[in-house]
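# Coordinates in review
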Amino acid sequence: MQFIDSHAHLNDPAFDQDRETLLRTVLPHAGLVASVEIGCSPQEWQPALDLSQKYPGFVYPVLGVHPEYAPLMQASHLPQLKGFLPRAVAVGEIGLDYTCLDIAGKELQQQMFSQMLQLATTERKPIVLHVRRAGEDYDVYEDCFNTLKREWVPSPTLTHAGVLHCFCARYEEAKRALDQGLLLGINGCFTYKKNEYIREAVKKAGLDKIILETDCPYLSPQGKRGQRNDPSNIPLLAQFVADYLDVHVEEVAAVATQRTKQLYCFP
Ligand SMILES: [Zn+2]
């Protein structure tokens, strides 16, 4: 079986002690054939590109500005990002996050999100979408989908327009994402006991519409909660998905790997 972690932060300091061992030994042993590295602040772009250069054909970079990091953007950063994008497989993670409004207000987030969507449009890149609600208020999705409609034209050459990463919502939101040509990024949240609504939404969406991710070092799957997460947990996540959807884990691995390759246009 072959697995891909479609969303990781291996440049996080949590991996400073064993990044090399992970990438050279642990992950290939666990069946990982690639890991997509997210560089989502101006300070993370160059390191993400460097990591992909150090592990060619294994680490693929995604570059953008996470809503929380919008305040870090300076005038020179946008042209810099534009210059880096030909080497990236997607623009991300970008979107809206209403749990950090004290750091970046709605207006600033909206402005940054619009800029990133315009960039994805002109550069013909898929998007990695980050949408996070505060509590039970799903307004952030409404705002997000409205912005997508207004600011974004996905390239018709893409098989998938992007991914709603860290899917953590109801089928209602899943459906809207699928209608926009997005896949759903499934991670540890899918495995947590209280999150039956996520599993139900994923079941309705179907195996065909999901890809697997860790979002490491965070969100370790059930049974490993509290520990540092890393891409070697992807097979465990695949098993959770297989059990819940009542299919073989080989099928989950095959479909998710193929979808991830299509999304990011891997060679
Ligand atoms: Zn992330």
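Refer to the preceding data block for the structure.
Notes on the structure in this doc start here. All values derive from a computational prediction rather than experimental measurement.

Turning our attention to the coordination of the zinc ion. The zinc ion binds to the protein through His7 (NE2), His9 (NE2), Glu93 (OE) and Asp215 (OD); the donor distances cover 2.1 to 2.2 Å. Considering all four donor atoms around the zinc ion, the spread of angles at the metal, 86 to 175°, places the coordination shape in the irregular class. Taken in sequence order, the residues that donate to the zinc ion follow the motif H-x1-H-x83-E-x121-D. With His9 in the loop between β1 (3–8) and α1 (19–29) and Asp215 in the loop between β8 (210–212) and α8 (234–245), the pair connects residues that are 206 residues apart, well separated along the chain. Across the pair, Asp215 and His9 agree in class, each one buried.

On to the packing of helix α3 (residues 77–84) against helix α4 (residues 106–123), then. At their nearest, the axes of α3 and α4 sit 11 Å apart, and the two run at 30° to each other. Crossing of α3 over α4 shows right-handed handedness. Where α3 abuts α4, its residues Leu78, Leu81 and Lys82 lie against Gln115, Met116, Leu119 and Glu123. Here the residues of the contact of α3 with α4 sort into four nonpolar, one polar and two charged.

In this section: the side chain of His160. In this fold, His160 is placed in the loop between α5 (139–151) and β6 (162–164). Judged by its relative accessible area of 11%, His160 is buried. At 2.8 Å, the side chain of His160 forms a polar contact with the side chain of Gln262. With near-sequence residues (within four places) excluded, His160 lies in contact with Pro126, Gly181, Leu183, Arg259, Gln262 and Leu263.

Thresholds applied
Residues numbered from 1 in each chain as written. Predicted model: local features only at pLDDT ≥ 70, side-chain atom pairs only at ≥ 80, totals over all residues. Heavy atoms only, no water. Donors = N, O, S within 2.8 Å, 3.2 Å for Na, K, Ca; no water. Tetrahedral: all angles 85-135°; square planar, octahedral: opposite > 155°, others 65-115°. Helix = DSSP H or I, 4+ residues; strand = E, 2+ residues; numbered from the N terminus. Buried < 20%, exposed > 50% of the residue type's maximum accessible area, 1.4 Å probe, protein only. Axes fitted to C-alpha atoms, helices over the stretch in contact; angles between N-to-C directions. Left-handed = near helix turned anticlockwise from the far one by under 90°. Contact = heavy atoms within 4.5 Å. Nonpolar A, V, L, I, M, F, W, Y, C, P; charged D, E, K, R; others polar. Polar contact = N/O pair within 3.5 Å; in protein donor to acceptor, adjacent residues only side chain to side chain.

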